[in-house]
Amino acid sequence: MSILEVSNLKKNFGSTRVLEGISFSMDEGEVLTIIGSSGSGKTTLLRCLNFLETPDSGVIKVKDDVLFDGSEQIRASEEEIRKKRLHFGLVFQSFNLFPQYTALQNVTLAPLLHFGDDPGKKAEIEKHAEELLGQMGLFDRMDNYPHELSGGQQQRVAIARALALKPDILCFDEPTSALDPELTGEVLKVIRNLAEKKTTMIIVTHEMSFAHDVSDKVIFMASGLIEESGTPEEVIDSPKNERTQQFLANYRKER
Amino acid sequence: MFLTVTLALLEGFLATLRLFVLTLLFALPLGLVISFGSMSKIQAIRLPIRFIIWVVRGTPLMLQLLVIYYGPGIILHTNVWGSGNGGRFIAALVAFVINYSCYFSEIYRGGIQSIPVGQYEAGQVLGMTKHQIFFKIVLLQVIKRIVPPISNEIITLVKDTSLARVIAVYEIIWEGQAFIKSAGIIWPLFYTGAFYLIFSGLLTVIFGKIEERLSYFR
């Protein structure tokens with residue numbers, strides 16, 4: 001059974017058509033990578049899944065539960081949207097850690113606000129956060145503030161922060177694009193570890209070899225449409241679509 | 001003579017201090033309300049508030065003092081401020097609160113709008129409410145950013161209180177100047193300067209401490 005089903009998702013910004021009907025599905029434990037040049041709508045797609053943008057039409061279903069249906073005219077209340085978006089986690093390109101909180105506090109803030117009322121739960125949340133930061137290789141950095149951490153470390157805190165709410169699907173929006181090349185490796189390694197643990201993930205990335213290694217499925221987007229999708233071998237190694245071929249050829253030239 | 005002058009100036013300084021403290025007490029929170037109004041998505045709220053801010057910041061505080069004190073009596077033919085020293089003090093306070101809350105509101109607006117949208121979005125994807133995002137994430141970052149401009153404005157207020165003398169609020173300079181006429185001496189005026197210097201020096205130290213307390217994050 002698919003964990004996520006997106007059908008015919010459309011989104012315009014004014015007169016600019018950003019998503020022109022996106023449909024795909026994915027299974028639990030799968031890693032889906034979205035590639036494509038900038039302006040192709042990848043980021044908007046992720047933002048729609050996380051309710052940072054409201055699609056104009058289309059349907060988003062998680063575990064057969066309809067989270068969004070553009071044909072329903074009634075707008076969901078803020079309260080409902082907050083519950084729905086917890087199915088997803090999002091790791092931003094620019095980390096967006098909260099600067100006034102330590103690494104550990106960044107991870108525990110939201111869970112404590114949501115479930116921290118009883119003291120037993122509080123201890124559990126803190127223990128879970130410490131475990132997550134440990135998994136991210138940040139055991140000795142928990143009490144540091146974001147400005148005391150490198151970009152790679154900050155992004156790993158952000159991943160732990162997103163995982164702390166146990167989302168069904170974890171989304172990454174170009175997680176290494178704001179990092180120096182020597183720091184991308186440590187973040188990609190952490191994502192690889194998550195993939196090995198069968199974490200369901202959607203990753204927007206420009207790291208082709210990483211996408212090739214880690215993905216179960218790759219989607220190539222251009223001009224708001226899915227031009228090609230399939231296994232990494234199909235899409236990255238032997239693309240059939242002309243635009244995919246062109247994109248990958250340009251990409252290889254730059255390297 | 002020194003004792004007489006000191007006592008007179010202390011009395012004037014008390015009026016200065018009272019005007020200063022009460023202005024802050026009302027203008028700091030009122031400024032926040034005005035800043036929300038000036039950022040409102042509703043035009044019918046935003047535009048009038050922006051207009052008021054423009055008028056208040058664009059005209060001299062001395063003019064505002066005169067209009068607020070004399071205006072109601074002349075236009076409405078009623079003395080809304082009450083009589084005597086107390087009435088003049090209240091009129092001065094109202095003028096200062098209006099003036100300073102507009103200045104503070106612009107500082108707040110700048111501080112709030114300088115917080116990157118990513119901070120709000122990070123809170124949203126973590127399922128936080130608007131209220132939680134403002135109070136748990138945004139507010140402290142705003143405070144950190146506005147402490148320097150607010151402290152600047154507050155030190156200006158210390159000195160601006162002397163403008164209240166145009167409607168005969170007996171603040172410290174009024175008291176000092178009285179000795180020129182009554183005793184033919186100028187040094188009490190320099191003495192008032194010492195009061196201002198010590199007081200603004202004290203405020204500078206306090207704001208320095210606050211900045212230091214907030215320097216643990218960037």
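Residues numbered from 1 in each chain as written. Chains lettered and ligands numbered in written order. Predicted model: local features only at pLDDT ≥ 70, side-chain atom pairs only at ≥ 80, totals over all residues. Heavy atoms only, no water.

K.L.:
Break down the overall build of chain A for me, citing the residues and quoting the values.
P.N.:
Within chain A, the secondary structure is distributed over nine helices and ten strands. Against the 2.2 N^0.38 benchmark of 18 Å for 255 residues, chain A shows a C-alpha radius of gyration of 18 Å, consistent with a compact globule. Considering only C-alpha atoms, chain A reaches an extent of 55 × 50 × 35 Å along its principal axes. Considering chain A as a whole, with its 255 residues, one finds that 55% of them fall into the buried category. Partitioning the contacts of chain A with sequence separation of at least 6, the portion at a separation of at least 24 is 65%. Surface exposure of chain A reaches about 11,600 Å², of which carbon and sulfur atoms provide 45%. Looking at chain A, you have 29 positive and 40 negative side-chain charges, and the mean spots of the two groups are 2 Å apart. (Helix = DSSP H or I, 4+ residues; strand = E, 2+ residues; numbered from the N terminus. Rg over C-alpha atoms; globule rule 2.2 N^0.38 Å. Buried < 20%, exposed > 50% of the residue type's maximum accessible area, 1.4 Å probe, protein only. Contact = heavy atoms within 4.5 Å. Areas by Shrake-Rupley, 256 points an atom, 1.4 Å probe, with all protein chains shown as cover. Lys, Arg positive; Asp, Glu negative; His and termini not counted. Charge placed at Lys NZ, Arg CZ, Asp CG, Glu CD.)

K.L.:
Could you give me a rundown of the side chain of E53 of chain A, with the residues and numbers involved?
P.N.:
Residues and elements named next belong to chain A. You can see E53 is positioned in the loop between α1 (42-49) and β4 (57-62). The class of E53 is buried, set by a relative accessible area of 18%. A polar contact is formed between the side chain of E53 and the side chain of R47, at a distance of 3.1 Å. (Polar contact = N/O pair within 3.5 Å; in protein donor to acceptor, adjacent residues only side chain to side chain.)

K.L.:
Help me get a handle on the interface of chain B and chain A, residues and values and all.
P.N.:
Each partner contributes residues to the interface: chain B has 20 residues there, and chain A has 24 residues. Sorting the residues of chain B by area buried against chain A places V125, L126 and Y216 of chain B first, and these three jointly supply 29% of that buried surface. Seen at the junction of chain B and chain A, the total is one salt bridge. The salt bridge involving R47 of chain A is made with E121 of chain B; its shortest N-O contact spans 2.7 Å. Counting across the chain B and chain A interface gives ten residue pairs in polar contact (both at pLDDT 80 or more). (Buried area = accessible area lost by both parts, 1.4 Å probe. Salt bridge = Lys/Arg side-chain N within 4 Å of Asp/Glu carboxyl O.)

K.L.:
Can you explain the sheet that holds β4 of chain A? Please cite residues and give values.
P.N.:
All names here are of chain A. In spatial order, the strands read β2-β1-β4-β5; together these four strands make up an open sheet with antiparallel pairing. Strands with a single pairing partner mark the edges of an open sheet, and in this sheet they are β2 (16-27) and β5 (65-69). Neighbour-to-neighbour, the strand axes of this sheet turn through a mean angle of 15°, independent of strand direction. Pairing geometry for β4 and β5, over four bridges, is antiparallel. By the bridge assignment, V62 is partnered in β5 with D65. Strands in contact with α1 are β1 (2-13), β2 and β4; relative to β1, the strand with the most contacts, it is inclined by about 115°. (Pairing = 2+ DSSP bridges. Axes fitted to C-alpha atoms, helices over the stretch in contact; angles between N-to-C directions.)

K.L.:
Describe the packing of helix α5 (residues 117-125) of chain B against helix α6 (residues 130-160) of chain B, and please don't skip the residues or the numbers.
P.N.:
All names here are of chain B. With their axes 10 Å apart at the nearest point, α5 and α6 run at an angle of 155° to one another. In this view, α5 runs roughly antiparallel relative to α6, as classed from their interaxial angle. Judged by the sense of rotation from one axis to the other, the crossing of α5 with α6 is right-handed. In this structure, α5 uses Q119, Y120, G123 and Q124 to contact α6, whose residues at the interface are I133, I137, V138 and Q141. (Parallel < 35°, antiparallel > 145°, perpendicular 65-115°, else oblique. Left-handed = near helix turned anticlockwise from the far one by under 90°.)

K.L.:
Can you explain the layout of surface pockets? Please cite residues and give values.
P.N.:
Here the largest pocket defines a volume of roughly 940 Å³. Lining the largest pocket are 24 residues, with K41, Y120, Q124, K130 and I133 of chain B positioned closest to its centre. Elements with a minimum of two residues in the lining of the largest pocket: α2 (78-85) of chain A together with α4 (84-113), α5 and α6 of chain B. By residue class, the composition of the lining of the largest pocket is twelve nonpolar, four polar and eight charged. (1 Å grid on protein atoms, 1.4 Å probe; cavity = no way out; pocket = protein on both sides within 12 Å on 5 of 7 lines; lining within 4 Å. Points joined across faces, edges and corners; volume = space filled by probe spheres on them. Nonpolar A, V, L, I, M, F, W, Y, C, P; charged D, E, K, R; others polar.)

K.L.:
I'd love a proper account of empty space enclosed by the protein, names of residues and values included.
P.N.:
All names here are of chain A. Within the structure shown, the criterion is met by one cavity of 30 Å³ or more. Looking at the lining of the largest cavity, the element that brings in the most residues is strand β6 (residues 88-91), giving three residues. The residue inventory of the lining of the largest cavity, partitioned by class, reads seven nonpolar, one polar and no charged.

K.L.:
Can you lay out the environment of G84 of chain B for me, pointing to particular residues and giving the numbers?
P.N.:
For G84 of chain B, the position within the fold is in helix α4. Separated by 133 residues in the primary sequence, G84 of chain B and F217 of chain B place their C-alpha atoms 51 Å from one another.

K.L.:
So what about the sheet that holds strand β9 (residues 217-222) of chain A? Which residues, and what values?
P.N.:
Residue and element names in this part refer to chain A. Spatial ordering of the open sheet is given by β6-β7-β8-β3-β9-β10, a layout of six strands whose pairing is mixed. At either margin of the open sheet sits one strand with a lone partner, and together these are β6 and β10 (225-230). Neighbouring strand axes in the sheet, compared pairwise and without regard to direction, differ in orientation by 20° on average. For strand β7 (residues 169-173) and strand β8 (residues 201-204), the ladder comprises four bridges, and the chain directions are parallel. Residue D173 lies in a different strand from β8, and its bridge partner there is V204.

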